[in-house]
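So the chains spell out like this:
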Amino acid sequence: MKVSSALLIVVALGVGATMAQPAELHVLSAGAVRSIVTDLAAAYEKETGNTVKLTFGTVGQIRLKLADATPADVAIMTDTALDEMTRQGVVREGTWVEVGRTGIGVGVRDGAPKPDISTTPALKQALLSAKSLTYVDPAQGATSGIHFAGVLQQLGIADAVKSKTTLVPGGYPAELVAEGKVDMVVHQISEIVPVKGVTLVGPLPKELQKVTVYSAGVAVAAASRPAAAAFVAFLARPDFKPKLAAAGLDYKD
């Protein structure tokens, strides 16, 4: 009996230790919220002891990863994409929280003259006058890239700017501007603001603008659903609003 009792105690302690183990969360996130999510994930790790592994990409790339059953506890995407993933049974219904909203803007290198982009005709002229231009390749499923390609078609200048345009697969195309390789970037404001050496000129004119809402939801296949739900709730804390604003994620019409 003494041996059995001792064994039971050891087993109980082992179970308790296992339950106390910190969770490791896998988060798949759209690149538009990369700056703020990276910052808040670090704060979450410090507060909870859990670890957060972040994978960023365009919404199209994240959608493919989820469809291919890439391990994920939390998905952060546009509302449209998150709704699609929920209907497909990949993201758990009723777990969404809004992370932030952003618009599409124009950036130039620090110290460079700011072009007038306040009206549609002014933007058209600014794009034609720029020596070089960069944005995210629409073929990668990037929200801003798809929309801006449509804007160029709408303005009737897609062919005129094609030869001076550098398409990037994702990440921060504004870095090319900071490095002096390209004169102008058109991208989500939240992906222009964090790049040092680049000045945000402003948003696209209202009639050409696309405001995108990014939200987080718990994946159906989450290995640790409570920890995933806690992380999602953490992102929505009201006291983080100033951080969202500083990251360009509080866009208002």
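Keep in mind that what you see is a predicted model, and the values were worked out from it rather than measured.

### Details of the sheet that holds strand 5 (residues 104-109)
- With respect to topology, five strands assemble into an open sheet ordered 7-6-8-5-9, the strand pairing being mixed. Looking along the sheet, the strands with just one partner apiece sit at the ends: strand 7 (165-168) and strand 9 (198-203). For this sheet, the mean angle separating the axes of adjacent strands, direction not counted, is 25°.
- Alignment of strand 5 against strand 8 (residues 184-188), held across five bridges, turns out to be antiparallel. Within strand 8, the residue paired with Val-108 across the bridge is Met-184.
- Along the sheet, helix 6 (residues 143-155) makes contact with strand 5, strand 6 (133-136) and strand 8, crossing strand 6 at roughly 130°.

### Points about the pattern of salt bridges
- Within the structure shown, the criterion is met by eight salt bridges.
- Residues Lys-181 and Glu-179 are paired through a salt bridge, measuring 3.2 Å at the closest nitrogen-oxygen approach.
- Its relative accessible area of 60% is what places Lys-181 among the exposed residues.
- With relative accessibility at 47%, the residue Glu-179 sits in the partly exposed group.

### Overview of the sheet that holds strand 1 (residues 24-30)
- Ordered by their spatial adjacency, five strands build an open sheet running 2-1-3-10-4, and the pairing between neighbours is mixed. Only two strands of the sheet have a single partner each, and these edge strands are strand 2 (51-57) and strand 4 (97-102). Strand-to-strand, the axes of this sheet are offset by a mean angle of 20°, without reference to chain direction.
- One ladder, built from five bridges, connects strand 4 with strand 10 (residues 212-218); its direction is antiparallel. Looking across to strand 10, one finds that Gly-100 is bridged to Tyr-214.

### With respect to the packing of aromatic side chains
- Tallied over the entire structure, the rule returns four aromatic pairs.
- Ring centres of Tyr-44 and Phe-231 lie 5.0 Å apart, and the angle between their planes is 75°; on these two criteria the pair is classed as edge-to-face. Remark: Phe-231 occurs in helix 9 (residues 225-235) and Tyr-44 occurs in helix 2 (residues 34-48); sequence separation between them is 187 residues.
- In this structure an aromatic cluster arises from ring pairing among Tyr-44, Phe-231, Phe-234 and Phe-240.

### A short note on the pairing of strand 6
- Where burial is concerned, the two faces of strand 6 agree: the one with Leu-133 and Tyr-135 and the one with Thr-134 and Val-136 are both buried.
- In the sheet, strand 6 pairs with strand 7 via four bridges, with the strands oriented parallel. The residue bridging Leu-133 from the neighbouring strand is Thr-165, located in strand 7.
- As defined by bridge partners, strand 6 adjoins strand 8 across two bridges and the pair is classed as parallel. Residue pairing across strands places Thr-134 opposite Val-185, the latter belonging to strand 8.

### Things to note about the nonpolar core
- Residues Leu-66, Ile-76, Met-77 and Phe-231 are the most contacted members of the largest nonpolar core, which totals 42 residues.
- Elements represented by at least two residues in this core include exactly strand 1, helix 2, helix 3 (59-67), strand 3 (74-78), helix 4 (79-87), strand 4, strand 10 and helix 9.
- Ranked by residue count, the leading element in this core is helix 9, at six residues.
- Setting aside residues no more than four positions away along its own chain, Phe-231 makes contact with Leu-25, Val-27, Ala-41, Tyr-44, Val-52 and Val-74.
- Of all hydrophobic cores here, the second largest spans 20 residues; its members include Ile-104, Leu-133, Leu-152 and Val-186.

### Quick notes on helix 2
- In a regular helix each residue adds 1.5 Å, so 15 residues correspond to 21 Å; helix 2 covers 21 Å between its end C-alpha atoms and thus fits that length.
- Within helix 2, the full set of buried residues consists of Ile-36, Val-37, Leu-40, Ala-41 and Tyr-44. Looking straight down helix 2, one finds that the buried residues subtend no more than 130° of arc, so they occupy a single side.
- Looking at the buried residues of helix 2, the elements they touch are strand 1, strand 2, strand 3, helix 9 and helix 10 (241-246).
- Immediately downstream of helix 2, the backbone of Gly-49 shows phi near 85°, a positive value.

### Quick notes on helix 3
- Of all the positions in helix 3, only Val-59, Gly-60, Ile-62 and Leu-66 are classed as buried. Seen end-on, helix 3 carries its buried residues on one side only, within an arc spanning 165°.
- Its buried side turned inward, helix 3 meets strand 1, strand 2, strand 3, helix 4, helix 6 and strand 10.
- One or two positions beyond helix 3, positive phi appears at Ala-69, with a value near 65°.

Definitions and limits used
Residues numbered from 1 in each chain as written. Predicted model: local features only at pLDDT ≥ 70, side-chain atom pairs only at ≥ 80, totals over all residues. Heavy atoms only, no water. Pairing = 2+ DSSP bridges. Helix = DSSP H or I, 4+ residues; strand = E, 2+ residues; numbered from the N terminus. Axes fitted to C-alpha atoms, helices over the stretch in contact; angles between N-to-C directions. Contact = heavy atoms within 4.5 Å. Salt bridge = Lys/Arg side-chain N within 4 Å of Asp/Glu carboxyl O. Buried < 20%, exposed > 50% of the residue type's maximum accessible area, 1.4 Å probe, protein only. Phe/Tyr/Trp six-rings, centres within 6.5 Å; stacked < 30°, edge-to-face > 60°. Core = buried A, V, L, I, M, F, W, Y, C linked by side-chain atoms within 4.5 Å. Expected span 1.5 Å × (residues − 1). Arc of directions from axis to C-beta.

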